[in-house]
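Residue-level listing of the chains:
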Amino acid sequence: MNILVIGSGGREHALVHKIKQDGIKTIYCAPGNAGIEELAQCVPVKADDVQGLLAFAREKKISLTIAGPEVPLQAGIVDTFTANGLTIFGPTQQAALLETSKAFAKKLLKKYGIPTPAFEVFDSSADALDYVKTRSFPLVIKADGLAAGKGVVIAEELSEATGAIKDIMDKRIFGDAGKVLLIEEFLRGAESSYFVISNGNTFIPAGTARDYKRLHDHDHGPNTGGMGSLSPSDKLTPEIEEKITKRIISPLMEALRQEGIVYKGVLYTGIMIVNGDPSVLEFNVRFGDPETQALLPRIENDLVSIFMDSAKGRMFAEPITLKRDASVCVVMASQGYPASPKTGIPIEGLKDAVGKDTFIFHAGTKNEKGTIKTAGGRVLGITALGETVRTAREKVYRAVNTIVFEGSQYRRDIGL
Ligand code: AMP
Ligand code: GLY
């Protein structure tokens, strides 16, 4: 069997690492990074080049393709591959609307009575501007479409809300993703990520995690793609997990069925828990980055057969079992991230940082004549497993402290 993984981040490195452990010998990654290169053959095809990826998968007779990021899913890679007789793990373009259109997702939730913050959808900035004048703050302003995780503004006052509406709808800072805008009630609570894998008919729980979105310790500073993660999430009790399956995931699967949408692949639900009750903030139709770097090292099953069952719409042979260990992932980012990361800096100490149950997942790295250099905003995700969060934290920060590159930024409070 040979496998193609699409993407170039820490999430994809964690996927390739897990697949290799599952015994797959031939793994390709498009386009990959300097860490993935050590485990897989990297091919210079971009993650959004659906036709290029199709040609490659046909030429190499790929048995299973796994799309890491959302962009190829939005571009319909699953539809294209399936129409060409190829097996691919992930949702179709229509099913991916759960992530690619927040208005679609919210309207579906509302129609089927699934808990989510109250919201209004606007297709004119004048109407949105009138509406916010009548509301109290904070309010959450969201671009409808994909905005690389930057399309959400928590407005504390009217001027911030009007600024965000003008940026998104009039200036189109996220392009067509801002044609439609949502204004949402702000919820204060504890946030967690909840993962399931679906075969189009049933789903199996695939673990929980928590993402640390802000740049600086104790949730200060600008929002980022994610500066670290913890799995399992410390915010979810078994009772809350049961509420999530009963009130959110099962009714959602039923809602999709009623709408004639077959959902295959991983579904990652962003949940806010308020007074013990879960509410949906967002859906992602792919694994999270950096949640995956913490989650995957805890999965005991052969993940490839689960991906295969999902892609082929077969019954899952077994539930997903997770190690009891806690897993902590700390992201090391470049100087200037997220606004304007400085790249091309040599990274030292990578070899010394690896240890038992400590993994170095590369994100923005490149190998320049044998020297590993930074090549993006988020550079590395260091994960460690431990019997407790505390021991995992000790291990992970020991590894982080042996890795050096000029200007590196990381949070000291992941899992604290
Ligand atoms: P989203 O991409 O929709 O998950 O939003 C990004 C982040 O904004 C979330 O992870 C939350 O931290 C925050 N957020 C989104 N919606 C809300 C809301 N209704 N209330 C409070 N925080 C929110
Ligand atoms: N960590 C957030 C995401 O992957 O969207």
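Note: the structure precedes this text.
Each value, and the rule that gives it
- Residues numbered from 1 in each chain as written.
- Chains lettered and ligands numbered in written order.
- Predicted model: local features only at pLDDT ≥ 70, side-chain atom pairs only at ≥ 80, totals over all residues.
- Heavy atoms only, no water.
- Helix = DSSP H or I, 4+ residues; strand = E, 2+ residues; numbered from the N terminus.
- Rg over C-alpha atoms; globule rule 2.2 N^0.38 Å.
- Buried < 20%, exposed > 50% of the residue type's maximum accessible area, 1.4 Å probe, protein only.
- Areas by Shrake-Rupley, 256 points an atom, 1.4 Å probe, with all protein chains shown as cover.
- Lys, Arg positive; Asp, Glu negative; His and termini not counted.
- Charge placed at Lys NZ, Arg CZ, Asp CG, Glu CD.
- Near = heavy atom within 4 Å.
- Polar contact = N/O pair within 3.5 Å; in protein donor to acceptor, adjacent residues only side chain to side chain.
- Nonpolar A, V, L, I, M, F, W, Y, C, P; charged D, E, K, R; others polar.
- 1 Å grid on protein atoms, 1.4 Å probe; cavity = no way out; pocket = protein on both sides within 12 Å on 5 of 7 lines; lining within 4 Å.
- Points joined across faces, edges and corners; volume = space filled by probe spheres on them.
- Core = buried A, V, L, I, M, F, W, Y, C linked by side-chain atoms within 4.5 Å.
- Contact = heavy atoms within 4.5 Å.
- Phe/Tyr/Trp six-rings, centres within 6.5 Å; stacked < 30°, edge-to-face > 60°.
- Lys NZ or Arg CZ within 6 Å of the ring centre and 35° of its normal.

**Considering the overall build of the chain**
Along the backbone of the chain there are 13 helices and 21 strands. Expected size for 416 residues packed as a compact globule is a radius of gyration near 22 Å; at 21 Å, the chain falls within 12% of this value. Scored against the burial criterion, the 416 residues of the chain give a buried share of 56%. Just so you have it, the chain exposes about 17600 Å², and 49% of that area is on carbon and sulfur atoms. Looking at the chain, you have 50 positive and 50 negative side-chain charges, and the mean spots of the two groups are 2 Å apart.

**Brief notes about the site of ligand 1**
Residues in contact with ligand 1 amount to 15 residues; listed here are only the nearest, Glu 184, Glu 185, Leu 187, Glu 191 and Glu 282. Within the contact set of ligand 1, an oxygen atom lies 3.1 Å away from a side-chain nitrogen or oxygen of Lys 102. Contact with the protein chains covers 89% of the free accessible surface of ligand 1, which is 470 Å². Contributions of two or more residues to the shell around ligand 1 are made by strand 7 (139-143), strand 8 (152-155), strand 9 (181-185) and strand 16 (277-284). Per-class residue counts for the shell around ligand 1 are eight nonpolar, no polar and seven charged.

**Considering the layout of surface pockets**
In this structure, the second largest pocket spans a volume of roughly 440 Å³. Every residue lining the second largest pocket is counted, 19 residues in all, and those nearest its centre are Glu 38, Leu 350, Val 354, Ile 360 and His 362. Breaking the lining of the second largest pocket down by element, the ones donating at least two residues are helix 1 (10-21), helix 12 (350-353), strand 18 (358-362) and strand 20 (371-374). A per-element tally of the lining of the second largest pocket places strand 18 first, with five residues. Looking at side-chain class alone, the lining of the second largest pocket contains eight nonpolar, nine polar and two charged residues.

**Quick notes on unusual backbone geometry**
Looking along the chain, the bond that leaves Ala 30 and enters Pro 31 is cis, with omega of -10°. As for its placement among the helices and strands, Pro 31 is situated in strand 2 (residues 26-31). The step from Ser 231 to Pro 232 runs through a cis peptide bond, and the omega angle for that step is -5°. Residue position: Pro 232 is located in the loop between strand 14 (228-231) and helix 9 (238-258). In this structure, His 218 takes a positive phi of about 55° despite not being glycine. Topologically, His 218 is positioned in the loop between strand 12 (214-216) and strand 13 (220-223). Residue His 218 is classed as exposed on the basis of its relative accessible area of 55%.

**Things to note about the site of ligand 2**
All residues adjacent to ligand 2 are Asp 211, Gly 225, Tyr 268, Arg 286, Gly 288, Asp 289, Pro 290 and Glu 291. Within the contact set of ligand 2, a nitrogen atom lies 2.8 Å away from a side-chain nitrogen or oxygen of Asp 211. Here the shell around ligand 2 is built from residues that sort into two nonpolar, two polar and four charged.

**Digging into empty space enclosed by the protein**
To find leftover empty space, a probe the size of one water molecule is rolled over the atoms. Under the criterion given, the structure shown has four cavities of 30 Å³ or more. Sorting the residues of the lining of the largest cavity by element identifies helix 5 (97-100), helix 6 (102-111) and strand 16 as the ones contributing at least two each. For the lining of the largest cavity, a count of residues per class yields six nonpolar, two polar and six charged.

**A few points about the nonpolar core**
Across soluble globular proteins, nonpolar side chains have a tendency to be buried as a group. Ranked by internal contacts, the top residues of the largest apolar core, which has 47 residues, are Ile 77 and Leu 98. Among residues more than four places away in sequence, those in contact with Leu 98 are Phe 104, Ala 105, Leu 108, Leu 252, Leu 256, Tyr 263, Leu 267, Phe 283 and Val 285. By size, the runner-up hydrophobic cluster in this structure holds 36 residues, among which are Leu 15, Phe 195, Ala 206 and Ile 320.

**Looking at the packing of aromatic side chains**
For the structure shown, the criterion picks out eight aromatic pairs. For the ring pair Tyr 28 and Phe 56, a centre distance of 5.1 Å and an interplane angle of 80° mean the geometry is edge-to-face. In this pair, Tyr 28 is assigned in strand 2 and Phe 56 in helix 2 (residues 50-59), connecting sequence segments 28 residues apart. Residue Tyr 28 shares its accessibility class with Phe 56, and that shared class is buried. For the pair Phe 195 and Tyr 268, a centre-to-centre distance of 5.0 Å together with 45° between the ring planes defines the contact as tilted. A residue pair is termed long-range when its members are at least 10 positions apart, and Phe 195 in strand 10 (residues 190-199) and Tyr 268 in strand 15 (residues 264-274) qualify at 73 residues. Since its relative accessible area comes to 0%, Phe 195 is described here as buried. Here a set of aromatic residues connected by ring pairs shows up, and it is made of Phe 89, Phe 195, Tyr 268, Phe 287 and Phe 307. The lysine or arginine in question, Lys 110, covers the ring of Phe 119, its NZ or CZ lying 5.6 Å from the ring centre. Above the ring of Tyr 410, the side-chain terminus of Arg 412 is found at 4.2 Å from the ring centroid.

The quantities given are spatial measurements derived from coordinates; they are silent on function.
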